[in-house]
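Residues per chain are reported as follows:
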Amino acid sequence: FVTTAFLDFIERLSTETKNKTKLWVITNGTGCSDYYLKQLSAFKEVKLNLSVEATGDLYEYIRGGDKHTLADSIEWLGKCFKAIPNLKLGVSVTITMYNIFNLYELKNKIDAHLPPGVTDAQVFNNISHKPYWLAPGILPDETKQELIDMYKQEPCFENFIKYLNKTEHNPEMMKKFKDFTKYLDEKRGEDLLAIEPRFGKILDAI
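Given the structure is predicted, the values throughout are model-derived calculations rather than measurements.

Quick notes on the rules
- Residues numbered from 1 in each chain as written.
- Predicted model: local features only at pLDDT ≥ 70, side-chain atom pairs only at ≥ 80, totals over all residues.
- Heavy atoms only, no water.
- Helix = DSSP H or I, 4+ residues; strand = E, 2+ residues; numbered from the N terminus.
- Buried < 20%, exposed > 50% of the residue type's maximum accessible area, 1.4 Å probe, protein only.
- Contact = heavy atoms within 4.5 Å.
- Areas by Shrake-Rupley, 256 points an atom, 1.4 Å probe, with all protein chains shown as cover.
- Lys, Arg positive; Asp, Glu negative; His and termini not counted.
- Charge placed at Lys NZ, Arg CZ, Asp CG, Glu CD.
- 1 Å grid on protein atoms, 1.4 Å probe; cavity = no way out; pocket = protein on both sides within 12 Å on 5 of 7 lines; lining within 4 Å.
- Points joined across faces, edges and corners; volume = space filled by probe spheres on them.
- Nonpolar A, V, L, I, M, F, W, Y, C, P; charged D, E, K, R; others polar.
- Pairing = 2+ DSSP bridges.
- Right-handed = clockwise from strand over helix to strand, strands pointing away.
- Arc of directions from axis to C-beta.

**A word on the overall build of the protein**
Stage number 1. Secondary structure assignment for the protein yields 11 helices and four strands.
Stage number 2. Principal-axis analysis of the C-alpha atoms gives the protein an extent of 60 × 40 × 25 Å.
Stage number 3. Out of the 206 residues belonging to the protein, those deemed buried represent 43%.
Stage number 4. Restricting the contact set of the protein to residue pairs at least 6 apart, pairs at least 24 apart contribute 72%.
Stage number 5. If you sum the accessible surface of the protein, you get close to 11200 Å²; carbon and sulfur atoms cover 51% of it.
Stage number 6. Here the protein carries 27 positive and 29 negative side-chain charges, and the mean point of each set is 7 Å from the other.

**Focus on unusual backbone geometry**
Stage number 1. Note the cis peptide between lysine 130 and proline 131, where omega equals -5 degrees.
Stage number 2. Note that proline 131 resides in the loop between strand E4 (126–127) and helix H7 (141–151).

**Regarding empty space enclosed by the protein**
It is a probe the size of a water molecule, rolled over the atoms, that shows where empty space is left.
Stage number 1. Enumeration according to the criterion identifies one cavity of 30 Å³ or more in this entry.
Stage number 2. Estimated volume of the largest cavity: approximately 40 Å³.
Stage number 3. Elements that contribute at least two residues to the lining of the largest cavity include exactly strand E2 (45–52), helix H5 (70–83) and helix H6 (103–113).
Stage number 4. Examining the composition of the lining of the largest cavity, we find that three residues originate from one element, H6, more than from any other.
Stage number 5. The residue makeup of the lining of the largest cavity, split by class, is seven nonpolar, no polar and one charged.

**Some points on the layout of surface pockets**
Stage number 1. In this structure, the second largest pocket spans a volume of roughly 160 Å³.
Stage number 2. Taken together, Pro140, Glu142, Thr143, His169, Pro171, Met174, Lys201, Ile202, Ala205 and Ile206 make up the full set of residues lining the second largest pocket.
Stage number 3. Sorting the residues of the lining of the second largest pocket by element identifies H7, helix H9 (171–188) and helix H11 (199–204) as the ones contributing at least two each.
Stage number 4. Across the lining of the second largest pocket, the residue classes break down as six nonpolar, two polar and two charged.

**As for the side chain of serine 128**
Stage number 1. Structurally, serine 128 is set in the loop between E4 and H7.
Stage number 2. Of the residues examined, serine 128 reaches a relative accessible area of 11% and is grouped as buried.
Stage number 3. Those residues in contact with serine 128, other than ones at most four positions away along the chain, are Thr94, Ile95, Thr96, Leu134, Ala135, Pro136 and Tyr163.

**With respect to the pairing of strand E1 (residues 22–27)**
Stage number 1. Residues Leu23, Val25 and Thr27 line the buried face of E1, whereas the alternating positions Lys22, Trp24 and Ile26 sit on a face that is not buried.
Stage number 2. As judged from the six bridges shared by E1 and E2, these two strands associate in the parallel manner. Following the sheet pairing, tryptophan 24 is matched in E2 by lysine 47.
Stage number 3. Between E1 and its parallel partner E2, the chain crosses via helix H3 (residues 34–40), and the hand of that crossover is right-handed.

**Let's talk about H7**
Because the α-helix completes a turn every 3.6 residues, residues three or four places apart line up on one side.
Stage number 1. By the burial criterion, the buried members of H7 are Thr143, Lys144, Leu147, Ile148 and Tyr151. One side of H7 holds all its buried residues, which, seen down the axis, span an arc of 140 degrees. Facing away from the buried surface of H7 by more than 90 degrees, the exposed residues are Asp141 and Glu142.
Stage number 2. Where H7 is buried, its residues touch H6, helix H8 (158–166) and H11.

Structure, rendered in C-alpha cells:
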C-alpha cells in the first residue's frame, strides 16, 4: 500500500478514472503522508481496513518494536476521516499464537475508538495458518478449551472457536513455537512472558 510504486500508479490515473473507481486497501496505518491521503481522496470510494493484532505492549511485541503503537494507528484513522470524503472503514485482525489471550481487549479497544458498526464477525475471521508453529490450532486441547470458554459468549469469535474445535494438537510444532519465541526474544531483547504471563504454563509444558 504505502510504496513509491503504488503512489506513482495512482498519481498517473486520470481524475475521471479515480471518480469512478473503488479502492480497497489494507494497512497498519504507518508511513502514509498527507499528500498520499490527498491522492486517495479523489477516488469514488476508499475501503480501508486497518490491520491490527493486539493492544498495548503486545501490539508492539507482535509488530517488532515501539516505533509505532496502536494509539498511533487510531490517531492516523482520524486523519483519514478528515481527508477522504468517501471512506469506508474496516478492521482486519489476524489471530496468531501470540494474540490468543488478547482478543477481548482488542475488540473493546476497537469498539471504544472507532465508529459504531466497524467491529463485526468478519473482523476476527482471519487465522494464521503459516508458519505452522504460529497457528493456534497446534495448541494442547486443554488450552483450546480454556480459549473456547473465554470467547464463547461473543458471536464475533465464533469462527475462531470452530477452528479450535476442528484442529489437532501438534507437539512438534509447539516445540518449534517455543524455540522460535526464545530465539525472537533473544534477538530483540524482549520477553513474551513479561508481556503475557499466561504463556508460561504453555511453554513450561513443552
